[in-house]
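Close look at the chain arrangement
The primary structure of each chain is shown beneath.
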Amino acid sequence: MGQHGKLYKTHTWKALRNRQLSHNPLCAFCLEEGLTTAATIVDHVERHNGDREAFFNGDLQSLCKPHHDGTKQRIEIHGYDPRVGDDGFPMDASHPFNAKASSEAADAREFFREYAIRNTQTRVRIAADATVTAPGVGSKPSADDQGTGGGHSRALTHFYHVKGL
Ligand SMILES: [Zn+2]
């Protein structure tokens, strides 16, 4: 609130805030992560910087306090949302990964898609082998192969290596 406290004290803002919370009672960022959390903060999607027009007519979103204080501020500090989606790609179009030359980004996406397909096929094959042969050392996929996390970072390393980046 800080320096724009006067705007937040207006009846117009209080009405806007109430309407936003009654229409959207859950934190929008938590919803994106598949969580349902009660929102306590009505946030301006774009910074208003004390501009009355932006303050009263700008798009609003309902957020929980951790998301308002955390993610939102990281977006404002870095200029992008650092979170990564379920597919392993940064969700924000402004993320440096997505902001690279579009042909290069398309290239990277294609690379990851192929990698993910290969990785899945390998896991399926390993799983099939494991049921035929006695499950022993070597036939078990490592913990790293099971999750998307480890595989993704290896893919990223491999991608940068292939690209000479
Ligand atoms: Zn939240």
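Residues numbered from 1 in each chain as written. Predicted model: local features only at pLDDT ≥ 70, side-chain atom pairs only at ≥ 80, totals over all residues.

1. A closer look at the overall build of the protein
Here is the rule we go by: Each helix corresponds to a stretch of at least 4 residues labelled H or I by DSSP, and each strand to a stretch of at least 2 residues labelled E; elements are numbered beginning at the N terminus. Any residue whose C-beta has 12 or fewer other C-beta atoms within 10 Å is treated as exposed, any with 20 or more as buried, and any in between as partly exposed, C-beta atoms being built from the backbone. Contact definition: two residues whose C-beta atoms, as placed from backbone geometry, lie within 7 Å.
Helix and strand counts for the protein come out as 10 helices and 2 strands. Each helix and strand of the protein, placed in order from N terminus to C terminus, yields the pattern α-α-α-β-α-β-α-α-α-α-α-α. Across the 165 residues of the protein, 7% fall into the buried class. Counting contacts in the protein only where the partners sit at least 6 residues apart, residues at least 24 apart contribute 40% of the total.

2. Considering the nonpolar core
This is how it is decided: As used here, a nonpolar core is made of buried Ala, Val, Leu, Ile, Met, Phe, Trp, Tyr and Cys residues. They are joined through C-beta atoms within 7 Å.
Counting 5 residues, the largest nonpolar core is built from C27, F29, A39, L63 and C64. Setting aside chain neighbours within four positions, we find C64 in contact with C27, C30, T37, A39 and T40.

3. Observations regarding unusual backbone geometry
If you check the backbone angles, N49 has positive phi at about 50° while not being a glycine. Structurally, N49 can be placed in the loop between β1 (41–44) and α4 (52–57). Among the residues examined, N49 registers 10 C-beta atoms within 10 Å and is labelled exposed.

4. A short note on helix α2 (residues 11–23)
The condition is simple: Expected span of a helix: the number of residues minus one, times 1.5 Å.
Across its 13 residues, α2 extends 18 Å between first and last C-alpha, which sits within 8% of the 18 Å expected from 1.5 Å per residue. Little of α2 is tucked away, with 0 of its 13 residues classed as buried.

5. Digging into the environment of S22
The topology assignment puts S22 in helix α2. In the structure, S22 is positioned 40 residues away from S62 in sequence and 9.8 Å away in space, judged by C-alpha atoms.

6. Comments concerning the environment of F56
Here F56 is to be found in helix α4. The partly exposed category is assigned to F56, around which 13 C-beta atoms lie within 10 Å. With sequence-adjacent residues up to four places away left out, F56 is seen in contact with T12 and L16.

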